[in-house]
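The residues making up each chain are set out below.
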Amino acid sequence: MEHMGRDGAALAANLRTLCEQHGSVAAVCRKINVNRQQFNKYLSGAHVPSTANLRIIANYFGLSVQMLFTDPEEFRTLVEGNFFHAMATARQLPEFSRFVSDMIVENNSADHDDIVGVYDRYQFSSIYKGFVLRSAFCIYRNKEFLQHYYVERFPSFDNPKKTEYVFKYYGFCFPVADRLFTADFEGIQSNELTFGVYAQVKRNAKKFMFGISSGIAETVFRQPYSTKVALHYRGPGLLRRDHLKDLTVLDRNDPAIPREALQYLGDGSDMIQMS
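Cut-off values and rules
Residues numbered from 1 in each chain as written. Predicted model: local features only at pLDDT ≥ 70, side-chain atom pairs only at ≥ 80, totals over all residues. Heavy atoms only, no water. Helix = DSSP H or I, 4+ residues; strand = E, 2+ residues; numbered from the N terminus. Buried < 20%, exposed > 50% of the residue type's maximum accessible area, 1.4 Å probe, protein only. Contact = heavy atoms within 4.5 Å. Areas by Shrake-Rupley, 256 points an atom, 1.4 Å probe, with all protein chains shown as cover. Arc of directions from axis to C-beta. pLDDT = per-residue confidence, 0-100. Core = buried A, V, L, I, M, F, W, Y, C linked by side-chain atoms within 4.5 Å. Salt bridge = Lys/Arg side-chain N within 4 Å of Asp/Glu carboxyl O.

Undergrad: Quick question: what am I supposed to make of the overall build of the protein chain here?
TA: A count of helices and strands for the protein chain gives ten helices and ten strands. A buried classification covers 47% of the 275 residues belonging to the protein chain. The long-range fraction of contacts in the protein chain, counting pairs at least 24 apart against all pairs at least 6 apart in sequence, stands at 58%. Of the accessible surface of the protein chain, which amounts to about 13,900 Å², a share of 51% is contributed by carbon and sulfur atoms.

In structure tokens:
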């Protein structure tokens, strides 16, 4: 069978995770019209679905077949973070559908798998003035789309070991003319839309993308802003829990910030945030 060489154990774990989020196994089987006894074999890892059934299952959950075989820990981070649900909602919006349809031809015209994976994301913080925010950023392919998501965590001013704010962003990526354009929205407060454009740079065997992000702040004053962003490639796959534990704000002199990223960001004086 075409997919027998893949990790059936990973598939089984991911199917169990999806079923947890979608109600009972019986309900899922009815929706996809797959025999319950057969589906139980998929859940146990005893059998891997046929190519046709893999497509049916993937389509039902709104995922690519490849995503179903993702590392289970990475996959659970996506599911528990509600990233799949948020992106499925965005894809149903007619306004976004028109925008995506205009960009999809260019996106399909070349192989962009060299940019897929996990990144550390660095920018000067608008909450902690003068400090650098390190967040976790991931680009992945889902069917015909390149999508991304990233997570920000801000420690408390009074107790740095305590998390004060968490923001999660979901979006689409459009590689065009050697640039990566991104559009995303914040999924917890659901009141912020941001855009970015990045250029890939390779130096000393390290992979960076440098660019800018702009949008409207989620504060009551709704200030527009624009800031430099550095993306440092860490490796393939999706975000895992160990990526998320390193999210924080850093003093700009902290050696944990890559030298190339800090050189690009400068001192943060060129961040634009209008009052």
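Undergrad: Is there a simple way to explain helix H2 (residues 25-32) in this structure?
TA: Since the α-helix advances by 3.6 residues per turn, residues separated by three or four positions end up pointing in the same direction. Those residues of H2 not exposed but buried are Val25, Val28, Cys29 and Ile32. Buried residues of H2 fall within an arc of 100° about the axis and therefore sit on the same side. Of the residues in H2, the exposed ones pointing more than 90 degrees away from the buried face are Arg30 and Lys31. Looking at the packing, one finds that the buried side of H2 touches helix H1 (8-21), helix H3 (36-44) and helix H4 (51-61). Remark: Asn33 follows H2 within two positions and exhibits a positive phi of approximately 60°.

Undergrad: I keep staring at the confidence of the model for the protein chain and nothing clicks. Help me out?
TA: Close inspection of predicted coordinates is inappropriate for parts of the model with low pLDDT. Overall, the prediction assigns the protein chain a mean pLDDT of 82, with 79% of residues at 70 or greater. Confidence, expressed as mean pLDDT per element, reaches its minimum in the protein chain at helix H8 (residues 94-108) with 58 and its maximum at strand E1 (residues 117-124) with 95. pLDDT under 50 marks residues 1-5. Its contacts with residues more than four places away, or in other chains, come to ten contacts.

Undergrad: I keep staring at the nonpolar core and nothing clicks. Help me out?
TA: Considering soluble globular proteins, one finds that nonpolar side chains tend to be buried as a cluster. With 35 residues, the main nonpolar core has Phe39, Ile57, Leu68 and Leu239 as its most contacted residues. Looking at this core, the elements that each hand over two or more residues are H1, H2, H3, H4, helix H5 (65-68), helix H6 (72-80), strand E2 (131-142) and strand E3 (145-155). Ranked by size, the runner-up nonpolar core spans 19 residues in total, among them Ile115, Tyr128, Ile139 and Cys173.

Undergrad: Explain the environment of Lys129 here, please?
TA: Checked against the element boundaries, Lys129 lands in the loop between E1 and E2. Judged by relative accessible area, which is 60%, Lys129 ranks as exposed. Spatially, the C-alpha atom of Lys129 lies 9.0 Å from that of Gly268, the residues being 139 residues apart in sequence.

Undergrad: I tried to follow the pattern of salt bridges on my own but got confused; where do I start?
TA: For the structure shown, the criterion picks out seven salt bridges. Between Glu74 and Arg240 there is a salt bridge, and its shortest N-O distance comes to 3.4 Å. With a gap of 166 residues between them, Glu74 in helix H6 and Arg240 in the loop between strand E8 (224-235) and helix H9 (241-244) connect regions that are remote in the sequence. For the salt bridge of Asp246 with Lys245, the shortest nitrogen-to-oxygen distance reads 3.6 Å. On the accessibility criterion, Asp246 (37% relative accessible area) is partly exposed. A residue is classified by how much of its surface remains accessible, and Lys245, at 60% relative accessible area, is exposed. The network of salt bridges with shared partners includes Glu74, Arg240 and Asp242.

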